[in-house]
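Summary of structural features
If you want the building blocks of each chain, they are given just below.
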Amino acid sequence: MTKEVTLIATAAMGIEALVAREVRQLGYEPKVKNGQVIYKGPLSAIPRSNLWLRTADRVKLLVGQFEAKTFDELFEQTKALPWEQFIPEDGEVPVIGKSVKSTLYSVSDCQAIVKKAIVDRLTVQHGLATRLPETGALYRVEVSILKDIVTLTIDTSGVGLHKRGYRTGQGEAPLKETLAATLVLLTNWTPDEVFIDPFCGSGTIPIEAALIGQNIAPGFNREFASEEWEFIPQKEWDIALEEAEDLANYDQPLSIIGSDIDHKMIEISKNNALEAGLSDLIEFKQMQVADLTIKDERGYIVTNPPYGKRLKKDYVGHLYESLGNIMKKYPKWSVYVLTAFSEFEKFYGKKATKKRKLFNGFIRTDYYQYFGKR
């Protein structure tokens, strides 16, 4: 069995450098490509990456990469890869795919050919008299073809990494947990400073801030597809979980507040925080933004307010104007706002110190950053 694996942490466009920073913090050396961070590591990198990466979408195991312009080339080169090192004789092997600017453009045909090649290889290598029973653990294979370069991976995460396991409810436009963590990590907030989200919705940003503040691994309370894989010894998962427990700073005091005008969302936020084990660390209260009161000289506002996609422009503009009028009184506070509303700065009343393009799902947004005076 191979002692070193190559992993690909997939990321939303524009935050690859942030994912790479997280990978580096785990002790691996990343290479950044569009939407991907590639790195090598021992088998322990699989559980550690899934447990700790806050901003990646999922972690994939790279099996092989090659050029193919014909179905024969795709079949033969796929079959030549050491699939038996990863997939046991009873492994369940669904194949998904995508093809961009490539000679082999039929995704369904590519999936079928890759599946046949893997099954043929495993049947021979495992000495089976019949085809794979596929009654065991899940090994979801992806065939990705870009400009005739084929990349074959196995998904180690299962459900996407944004599914932390604490969300019991959500609103109409929930923010992914990975994006919420991104918003926090793109600030200079430290756990000893006040943190407020005045448009908290289902509480995702305050909850992710609390996880970051106490250095709690975001995947600590969920399961991953690769936990069932035979080639990763159980001790590797035990060690990774023990490391996560040891590194968590549960004694770190936090001052995190989430507010929203909708009392139903506040109840959902409280339930989500309770499920995350953070209910005693975050204060949620029903309140309109105009009633926001600030007691501390310094602190951070990090928020994802309504964009105006489903609400009237005048209403949304009024919300931003209210927030801007309040924050004029607190020049030492830093304010970070994610919105797709193009006239945000006009209504807020101040040009951002810095602006960064991010994607909230398929919606292009800007992250407006106002740095407090020091």
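What you are looking at is a predicted structure, and each value in this text was computed from that prediction instead of being measured.

This paragraph deals with the overall build of the protein chain. In terms of regular secondary structure, the protein chain is built from ten helices and 14 strands. Against the 2.2 N^0.38 benchmark of 21 Å for 374 residues, the protein chain shows a C-alpha radius of gyration of 23 Å, consistent with a compact globule. The dimensions of the protein chain, computed from C-alpha atoms along their principal axes, are 75 × 45 × 35 Å. Within the protein chain, the fraction of its 374 residues that count as buried is 54%.

Strand order across the open sheet formed by seven strands is S10-S9-S8-S11-S12-S14-S13, with mixed pairing between neighbours. The open sheet has two edge strands, strand S10 (282–286) and strand S13 (354–360), and neither has a second partner. Across the sheet, the mean angle separating the axes of adjacent strands is 20° when strand polarity is ignored. One ladder, built from five bridges, connects strand S11 (residues 299–303) with strand S12 (residues 333–339); its direction is parallel. Of the residues in S12, the one forming a bridge with Gly299 is Trp333. Strand contacts of helix H6 (residues 204–213): strand S8 (195–197), strand S9 (256–260), S10 and S11, with the helix running at about 160° to S8, the strand carrying the most contacts.

Once that is clear, we can look at helix H4 (residues 107–125). Between its first and last C-alpha, H4 extends 27 Å over 19 residues, near the 27 Å set by a 1.5 Å rise per residue. What H4 keeps buried is the set Cys110, Ile113, Val114, Ala117, Ile118, Val119, Asp120, Arg121, Leu122 and Thr123. Structurally, H4 contributes buried residues whose contacts are with helix H3 (71–79), strand S5 (95–100), strand S6 (141–146) and strand S7 (149–155). Trailing H4 by a residue or two, Gly127 shows a phi angle of about 65°, which is positive.

Moving on, we get to the packing of aromatic side chains. Both the distance between ring centres and the angle between the ring planes are used here to describe each pair of aromatic rings. This structure, assessed with the given rule, holds 16 aromatic pairs. Judged by centre distance (5.3 Å) and plane angle (65°), the ring pair of Tyr320 and Phe341 falls under edge-to-face. With Tyr320 in helix H9 (residues 313–327) and Phe341 in the loop between S12 and helix H10 (344–348), this pair connects stretches of sequence that are 21 residues apart. What makes Tyr320 buried here is its relative accessible area of 1%. Between Tyr348 and Tyr370 the ring centres are 4.7 Å apart and the planes differ by 35°, which places this aromatic pair in the tilted class. With a gap of 22 residues between them, Tyr348 in helix H10 and Tyr370 in strand S14 (residues 363–370) connect regions that are remote in the sequence. With relative accessibility at 3%, the residue Tyr370 sits in the buried group.

Across soluble globular proteins, nonpolar side chains show a tendency to be buried alongside one another. If you look at the biggest cluster of nonpolar residues, it comprises 95 residues, and the most contacted ones within it are Trp83 and Ile154. Tallying contributions element by element places H4 first for this core, with seven residues. Ignoring any residue separated from it by four or fewer positions in sequence, one finds Trp83 in contact with Val63, Thr78, Ile118, Arg121, Leu122, Val141, Leu152 and Ile154. Counting residues in hydrophobic clusters, the runner-up holds 25 residues, among them Ile294, Ile301, Leu319 and Phe341.

Here Lys60 shows up in strand S4 (residues 58–67). A distance of 2.6 Å separates a polar atom in the side chain of Lys60 from a polar atom in the side chain of Glu142. Apart from residues no more than four positions distant in its own chain, Lys60 is found in contact with Thr6, Leu7, Ile8, Thr10, Glu142, Thr153, Ile154, Asp155 and Thr156.

Criteria and thresholds
Residue positions within a chain follow its written sequence, with the count starting from 1. Per-residue local features of the predicted model are confined to residues with pLDDT of at least 70, and side-chain atom pairs are confined, for both listing and counting, to 80 or more; whole-chain, interface and lining totals are unaffected and use all residues. Computation of side-chain values: all heavy atoms of the structure, hydrogens and water removed. Per the convention used, a helix needs a DSSP run of H or I reaching at least four residues, while a strand needs a run of E reaching at least two, with both numbered from the N terminus. Atoms considered for the radius of gyration are the C-alpha atoms alone. The globule rule reads 2.2 Å times the number of residues to the power 0.38. The buried label applies to any residue whose accessible area, calculated with a 1.4 Å probe on protein chains only, is under 20% of its type's maximum; exposed applies above 50%, and partly exposed to all values in between. By the convention used here, strands pair only if DSSP detects at least 2 bridges between them. Think of each axis as a best-fit line through the C-alpha atoms, taken over the contacting stretch in the case of a helix, with angles from 0 to 180 degrees between the N-to-C directions. Whether two residues are in contact is decided by their heavy atoms: any pair within 4.5 Å suffices. Helix span, expected: 1.5 Å multiplied by one less than the number of residues in the helix. Only Phe, Tyr and Trp rings are paired, with Trp represented by its six-membered ring, and only when their centres lie within 6.5 Å; those with planes under 30 degrees apart are stacked, over 60 edge-to-face, the remainder tilted. Nonpolar core, defined: a set of buried Ala, Val, Leu, Ile, Met, Phe, Trp, Tyr and Cys residues in which side-chain atoms within 4.5 Å join the residues together. Counting of polar contacts relies on pairs of N or O atoms within 3.5 Å, with two restrictions inside protein: one atom must be capable of donating a hydrogen and the other of accepting it, and residues adjacent in sequence are counted only when both atoms are side-chain atoms.

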